Amino acid sequence: MIDDAVLRTTLDRALRRGGDFADVFVEQRRSTSIAMEDSRIERVQAGTEQGAGIRVVCGLSTAFAYTDELTEAGLLRAAETAAAAARGGADGASIDLRERRVGEQVVAIPPDGVDMGRKVELLRAADAAAREESAAVRQVTATYAEGIQSIIVANSDGTLARDRRTRVRAFVQAVAARGGEVQSGYEAPGRATGFELFDQPVLTDAAREAARRATLLLDAEPAPSGTMTVVIGNDFGGVLFHEASGHGLEADHIAKRASVFAGQMGQLVASPLVTAVDDGTLEGAWGTLRIDDEGIPTQRNVLIEEGVLTGYMFDRLRARQDGRPSTGNGRRQSYQHIPMPRMTNTYILPGESTVEDLIASTPHGLYAKRLGSGQVNTVTGDFVFAVTEGYLIENGRITRPVRGATIIGNGPAALRKVDMVADDCGLAPGTCGKEGQAVPVSVGQPHLRISELTVGGTRVAGVQL
């Protein structure tokens, strides 16, 4: 996309008025999406975005400018803008860029080479699968999406790194209705891989699952409320740890003392059954990167080991301020944004129990098989999450489905009350938002049991609302 000599000149220009560090992030992103509603193709979108962001760091101050003009003139203008805002520190010096080579992503079938008709056929098959699952299904929305992002990172430390990231994903929502009751189910499989993801029937399976959940909820009874034992399902159940604890382990929150985990390094912050990691190297996982958006190779970071806090997630800037290496967690939404510490694939490791053990040893409680959206205070860890598929647990058995349940608590407190962890860890793709920037991540965990959690339901004092 850009010649190495131009990158070197741009860095020289960015630092010519002083500064301790400068980097250039060059990006080209090609994306395609196809949306089907009510068995008709409603929208096809395809486009290419490209540009470069230039950052100059001077002490604790950061100046940033970006351009969508990927020419030497465009880059130099952006470098001048960033340099003008960042004065002081060392004078610019000649920069010797040395490429840091990392492995390439394995993509068997590049999605941009697949005929549009095959992608449309995927959606038609998903639409049909959802409607075949239940006669109660009234509406199906299915979307296919692919993205290919190519980046170059060059900085004044001499780092030059490149990466090419291919991701494919699909979304299915099924709406079921009976009488006056309307419910919906949603699934969104995705991988950091090529079109080979769809060699298996992942989208039709997702469509059937979305339809099954929507139909199940038609017959579910209002959830009870109160304090009870809660078993949380695997894969997307990990969104609870991601939101209520993971963000509190990002180094910018720690530096601002805006996290309950600040000053807790080496302390017991969770049940000894809990070991949590952030691993950007998992092949094919949605949040996987060979390098982060600052050119640092991603790695496996153990955040909590057997309940003890062992690590935070750092980008280059926070690591530099803390006098330690980056953990490869510097990420940004695009060239128009500055990087910050972000999660990649964050999950709790499997334990030794089985799911059947967790259920059988619970006399009364809630089985939150699937979590939905939630709200979290990252400073305190307080959370509220919707349960999109839930069941009562009675006398050690899963019995009636319930709807309208929420789980309410505090992230660190909930981690300390984990008393059983199953052996079935799974990951699920998601999009993480932070300070207006969205990046792809995976969340994950095995089934785990929290001995005591507040459940907000819609059934009170024997009255169904």
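In this text the structure is predicted, and so the values were computed from the model without any measurement. (Residues numbered from 1 in each chain as written. Predicted model: local features only at pLDDT ≥ 70, side-chain atom pairs only at ≥ 80, totals over all residues. Heavy atoms only, no water.)

1. Side note on the pairing of strand S6 (residues 159–178)
Here is step 1: The buried count for S6 comes to 15 of 20 residues, which makes it a mostly enclosed element.
Here is step 2: Where strand S5 (residues 137–155) and S6 come together, 17 bridges link them in antiparallel fashion. Residue pairing for S6: Thr 143 is matched across the bridge by Phe 171.
Here is step 3: In this antiparallel pair of consecutive strands, S5 and S6, the connection spans 3 residues, and Gly 158 shows a positive phi of 100°.
Here is step 4: Sheet topology note: the S6/strand S8 (residues 190–191) ladder contains 2 bridges and is antiparallel. Bridged to Val 168 within S8 is Arg 191.
Here is step 5: Linking S6 back to strand S7 (residues 181–187) in an antiparallel pair, the connection comprises 2 residues, with Gly 179 at a positive phi of about 60°. (Buried < 20%, exposed > 50% of the residue type's maximum accessible area, 1.4 Å probe, protein only. Helix = DSSP H or I, 4+ residues; strand = E, 2+ residues; numbered from the N terminus. Pairing = 2+ DSSP bridges.)

2. Re unusual backbone geometry
Here is step 1: Look at Asp 235: it is not a glycine, yet its phi comes out positive at around 45°.
Here is step 2: Position of Asp 235 relative to the elements: it lies in the loop between strand S10 (226–232) and helix H5 (239–246).
Here is step 3: For Asp 235, a relative accessible area of 24% corresponds to the partly exposed category.
Here is step 4: Phi at Glu 435 takes a positive value of approximately 50°, unusual for a residue other than glycine.
Here is step 5: By the secondary structure assignment, Glu 435 is in the loop between strand S22 (426–434) and strand S23 (437–445).

3. Here's the deal with the packing of aromatic side chains
Here is step 1: Tallying each qualifying case throughout the model produces 7 aromatic pairs.
Here is step 2: A ring pair is formed by Tyr 66 and Tyr 335, whose centres lie 5.9 Å apart and whose planes are at 70°; its orientation type is edge-to-face. Here the residue Tyr 66 occupies a position in strand S3 (residues 61–67), and Tyr 335 occupies one in the loop between strand S14 (330–331) and strand S15 (340–341), the gap between them amounting to 269 residues.
Here is step 3: For Tyr 335, a relative accessible area of 5% corresponds to the buried category.
Here is step 4: Plain terms: the ring middles of Tyr 144 and Phe 195 are 6.0 Å apart, the flat faces sit at 65° to each other, and that makes the pair edge-to-face. Here the residue Tyr 144 occupies a position in strand S5, and Phe 195 occupies one in the loop between S8 and helix H4 (202–218), the gap between them amounting to 51 residues. Just as Tyr 144 is buried, Phe 195 falls in that class too.
Here is step 5: Within the aromatic cluster, the residues linked to one another by ring pairs are Phe 64, Tyr 66 and Tyr 335.
Here is step 6: Over the face of the ring belonging to Trp 286 we find Arg 167, whose NZ or CZ atom lies 5.8 Å from the ring centre.
Here is step 7: The ring of Trp 286 is capped by Arg 169, whose NZ or CZ atom sits 5.3 Å from the centre of that ring. (Phe/Tyr/Trp six-rings, centres within 6.5 Å; stacked < 30°, edge-to-face > 60°. Lys NZ or Arg CZ within 6 Å of the ring centre and 35° of its normal.)

4. Thoughts on the pattern of salt bridges
Here is step 1: In the structure shown here, the tally under the stated rule is 35 salt bridges.
Here is step 2: Where Arg 165 meets Asp 293, a salt bridge forms, and the shortest distance between an N and an O atom there is 2.8 Å. Pair noted here: Arg 165 is in strand S6 and Asp 293 is in the loop between strand S11 (276–279) and strand S12 (300–305), with a separation of 128 residues, a long-range link.
Here is step 3: With relative accessibility at 4%, the residue Arg 165 sits in the buried group.
Here is step 4: One salt bridge connects Asp 219 with Arg 178, and the closest N-O pair in it is separated by 2.7 Å. Taken as a pair, Asp 219 in the loop between H4 and strand S9 (221–222) and Arg 178 in strand S6 lie far apart in primary sequence, 41 residues in all.
Here is step 5: Residue Asp 219 is classed as exposed on the basis of its relative accessible area, which comes to 53%. (Salt bridge = Lys/Arg side-chain N within 4 Å of Asp/Glu carboxyl O.)

5. Describing the pairing of S23
Here is step 1: Judged by how many residues are buried, S23 sits mostly within the fold: 7 of 9 residues are covered.
Here is step 2: Alignment of strand S16 (residues 345–348) against S23, held across 3 bridges, turns out to be parallel. Bridge pairing in S23 places Thr 346 opposite Val 443.
Here is step 3: In this sheet, S23 lies alongside S22 in antiparallel orientation, the contact comprising 9 bridges. In the sheet register, Gly 430 faces S23, and the bridge partner there is Val 441.
Here is step 4: Counted between consecutive antiparallel strands, the loop separating S22 from S23 contains 2 residues, among which Glu 435 sits at a positive phi close to 50°.

6. Thoughts on the packing of helix H1 (residues 4–14) against helix H2 (residues 72–85)
Here is step 1: Taken N-terminus to C-terminus, the directions of H1 and H2 make an angle of 20°; their axes are 8 Å apart at the nearest point. Classified by the angle their axes make, H1 and H2 are roughly parallel. H1 and H2 meet at a crossing whose hand is right-handed. Counting all contacts with H1, which are made through Val 6, Thr 9, Thr 10, Arg 13 and Ala 14, the residues of H2 involved are Glu 72, Leu 75, Leu 76, Ala 79, Glu 80 and Ala 83.
Here is step 2: The residue inventory of the contact of H1 with H2, partitioned by class, reads 6 nonpolar, 2 polar and 3 charged. (Axes fitted to C-alpha atoms, helices over the stretch in contact; angles between N-to-C directions. Parallel < 35°, antiparallel > 145°, perpendicular 65-115°, else oblique. Left-handed = near helix turned anticlockwise from the far one by under 90°. Contact = heavy atoms within 4.5 Å. Nonpolar A, V, L, I, M, F, W, Y, C, P; charged D, E, K, R; others polar.)

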